Amino acid sequence: MERRARRIVDQAKRTPEVCTDGPFKGYARLDWIQSAAERNRGEVMRQLMHHINAHNLRRAFHSLEGSRASGIDHVTKEVYQKHLDENLAALEDEIQRGGWRPKPAREVLIPKPQGGMRPLAIGCLEDKIVQTLVARILESIYEANFHRHSYGFRRRKSPHQAIGRLYEVIHSRKKNCVVVEIDIEKFFNTVNHEWLMKTLEKRIGDPYFLRLIRRMLRNSILQSDGTLAENTTGTPQGSPVSPILANICLHELLDEWFQKNWSASGEFVRYADDAVFVFTDETTAHAFLEALRARMTEAGLRLNEDKTRLVPFHAKNPQGIISFLGFDMYWGRKPGYGRTLKVKTTPKRLHRSIQAFYEWIKAMRNRLPLKTLWQIASTKLRGHFNYYGVMWNEAKLNHFHYACIGALFRWINRRSQKRSYGWENFKRRLFFQPLPHPPQGNELINITSEHGTERKHKPKSRMPKLGTYGSVRSIGQQCPMFT
């Protein structure tokens with residue numbers, strides 16, 4: 001009897017099994033890594049480089065936004081896509097051979113809200129593709145380990161959830177509450193590479209994958225004055241892999257350390273490098289702050305003493321206001337007797353937002369048509385309301401709304417030497433093309449419900465959408481709104 005030869009199929013040539021749902025939709029086998037990491041949170045991943053293949057690189061390419069700034073090679077997404085298959089095949093081969101190195105990133109300085117300049121590293125398109133895929137792989141490994149009260153740069157986590165959690169923690173300790181606010185000085189620019197790599201080696205045992213990450217960290221930067229500087233510390237801001245590396249570092253540095261040594265005495269809420277720790281005893285809070293300074297020194301970091309403070313925050317005698325993610329928490333009066341914890345926009349943030357809108361309309365009033373200006377102004381207002389539209393913040397929202405309308409009227413009316421746009425015409429335009437109004441009442445985000453995840457909406461009207469009034473029960477008897 002004739003025996004057929006056994007067919008040997010190369011594993012790399014098999015069609016990859018693609019995840020069709022969840023956070024890794026479209027990527028091949030990254031959900032397998034996540035499942036393995038969830039089953040055993042201490043398991044060391046030793047085979048990761050084969051996940052950097054043409055299919056996953058293509059998925060990472062499509063996830064990039066085409067409108068982002070280009071690097072020093074000036075290659076855009078549209079240009080790269082013309083020969084996408086050939087480019088990705090060459091990129092995969094270069095990575096697997098170990099010859100890939102990122103090109104120097106272009107430094108761009110942007111102003112900080114608090115003053116000064118923040119350096120951003122704008123990488124080339126191919127480097128962004130690789131960094132995006134590496135970030136997704138790291139996310140599949142570490143997401144199961146991250147603390148549930150860490151909210152920054154994570155899927156299905158938001159600043160409103162962080163605010164809601166902090167509100168709950170403080171409100172539960174209103175009789176005896178001591179808050180420690182910390183700020184890590186230039187965290188993204190001063191992270192020690194060796195300390196970070198040792199942290200990664202606890203979960204990653206693939207030396208080639210670790211070498212790839214090390215090359216990303218040490219990537220040189222072309223500064224604004226034309227000089228090429230080597231990057232010896234920090235994770236460059238603007239890189240797709242920087243947020244996940246920052247979370248891994250802070251998870252080891254703060255979250256795990258606090259959970260092991262201080263969880264019996266207090267609780268914490270962290271959003272990226274902004275963290276707030278809540279205790280019931282002032283002596284314990286002072287001891288924690290001293291221990292935290294020593295902990296930061298181990299990783300080559302230090303606290304910004306101007307923004308790090310300890311605040312006794314009892315409901316009856318608060319000695320300050322808690323600032324977190326652009327919001328202020330304070331004990332305000334409630335109808336009747338007593339105090340209740342409230343939230344409002346930080347005054348400095350509100351002033352900067354108004355000033356930014358004022359400078360924008362002043363600079364653009366003659367460069368864009370009125371219709372475009374109106375659309376952009378609506379977008380800016382809507383974005384502000386979506387973030388700051390939380391409970392107890394109606395007054396600050398109205399303040400921003402009327403300040404922006406005043407700035408809009410002032411500078412639209414000054415597009416020439418002659419007064420061109422009177423108040424009556426402006427009101428008429430507002431009537432027929434209204435700008436977004438601040439949310440009120442049930443439209444505000446309820447941060448006390450499910451840690452800020454629930455947005456209440458007004459009940460839907462039963463009125464038909466076709467411009468009629470009258471009860472829906474009286475079909476055929478509605479009168480038109482406009483004639």
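Residues numbered from 1 in each chain as written. Predicted model: local features only at pLDDT ≥ 70, side-chain atom pairs only at ≥ 80, totals over all residues. Heavy atoms only, no water.

> I tried to follow the overall build of the protein chain on my own but got confused; where do I start?
For the protein chain, the helix and strand inventory stands at 15 helices and 15 strands. Counting the 483 residues in the protein chain, one finds 45% classified as buried. Across the protein chain, the fraction of contacts at a sequence separation of at least 24, relative to all contacts at a separation of at least 6, is 66%. (Helix = DSSP H or I, 4+ residues; strand = E, 2+ residues; numbered from the N terminus. Buried < 20%, exposed > 50% of the residue type's maximum accessible area, 1.4 Å probe, protein only. Contact = heavy atoms within 4.5 Å.)

> Which parts of the structure should I look at to understand the packing of aromatic side chains?
Remark: the centre distance and the inter-plane angle together describe each pair of aromatic rings, the angle taken between the planes. Under the counting rule described, the total for this entry stands at 26 aromatic pairs. Clustering of aromatic rings is evident, with ring pairs tying together W257, F258, W262, F268, F277, F279 and F288. Sitting over the ring of F61, K77 keeps its end group 5.3 Å from the ring centre. A cation sits over an aromatic face here: R429 above W374, 5.0 Å from the ring centre. (Phe/Tyr/Trp six-rings, centres within 6.5 Å; stacked < 30°, edge-to-face > 60°. Lys NZ or Arg CZ within 6 Å of the ring centre and 35° of its normal.)

> Looking at this structure, how should I read the pairing of strand 3 (residues 178–183)?
The side chains of a regular strand alternate, residue by residue, between the two faces of the sheet. With 6 of 6 residues buried, strand 3 lies mostly within the body of the structure. On strand 3, burial covers both faces: V178, V180 and I182 on one face and V179, E181 and D183 on the other are all buried. Pairing analysis gives 6 bridges linking strand 3 to strand 7 (residues 274–279), with the strands arranged antiparallel. Residue V179 lies in a different strand from strand 7, and its bridge partner there is V278. Here 4 bridges tie strand 3 to strand 8 (residues 309–312), and the two strands are oriented antiparallel to one another. Bridged to E181 within strand 8 is R309. (Pairing = 2+ DSSP bridges.)

> Hey, could you run me through the environment of R382 in this one?
Tracing the sequence through the fold places R382 in helix 13 (residues 370–388). Separated by 53 residues in sequence, R382 and L435 place their C-alpha atoms 8.8 Å apart.

> So what exactly am I meant to see when it comes to helix 5 (residues 125–142) here?
Three- or four-residue spacings in an α-helix give side chains the same orientation, since the helix completes a turn every 3.6 residues. The terminal C-alpha atoms of helix 5 lie 26 Å apart, and with 18 residues this matches the ideal 26 Å at 1.5 Å per residue to within 8%. Most of helix 5 sits out of view: 18 of its 18 residues are buried. (Expected span 1.5 Å × (residues − 1).)

> For this particular structure, what's the right way to read the layout of surface pockets?
To find leftover empty space, one rolls a probe the size of a water molecule over the atoms. By volume, the second largest pocket is sized at about 770 Å³. Going through the elements one at a time, strand 2 (117–122), helix 5 and helix 10 (242–261) are the ones with two or more residues in the lining of the second largest pocket. Examining the composition of the lining of the second largest pocket, we find that 6 residues originate from one element, helix 5, more than from any other. Grouping the constituent residues of the lining of the second largest pocket by class yields 11 nonpolar, 7 polar and 9 charged. (1 Å grid on protein atoms, 1.4 Å probe; cavity = no way out; pocket = protein on both sides within 12 Å on 5 of 7 lines; lining within 4 Å. Points joined across faces, edges and corners; volume = space filled by probe spheres on them. Nonpolar A, V, L, I, M, F, W, Y, C, P; charged D, E, K, R; others polar.)

> Explain the packing of helix 12 (residues 347–364) against helix 13 here, please?
A pair of packed helices is captured by two measures, namely the crossing angle of their axes and the spacing between those axes. Relative orientation of the contacting elements helix 12 and helix 13 amounts to 170°, with a least axis distance of 11 Å. Here helix 12 is positioned roughly antiparallel relative to helix 13, judged by the angle of their axes. For the pair helix 12 and helix 13, contact is made by R349, S353, F357, W360, I361 and M364 and by L373, I376, A377, K380, H384 and Y388, respectively. In terms of residue class, the contact of helix 12 with helix 13 is built from 8 nonpolar, 2 polar and 2 charged. (Axes fitted to C-alpha atoms, helices over the stretch in contact; angles between N-to-C directions. Parallel < 35°, antiparallel > 145°, perpendicular 65-115°, else oblique.)

> Honestly, the packing of helix 13 against helix 14 (residues 394–412) in this entry has me stumped. Any pointers?
The contact between helix 13 and helix 14 brings their axes to 11 Å, and the two run at 165°. With respect to helix 14, the element helix 13 is oriented roughly antiparallel. Taken as a pair, helix 13 and helix 14 cross one another with a handedness that is right-handed. Every residue of helix 14 that contacts helix 13 at L370, W374, A377, L381, H384, F385 and Y388 is listed here: L397, F400, H401, C404, L408 and I412. (Left-handed = near helix turned anticlockwise from the far one by under 90°.)

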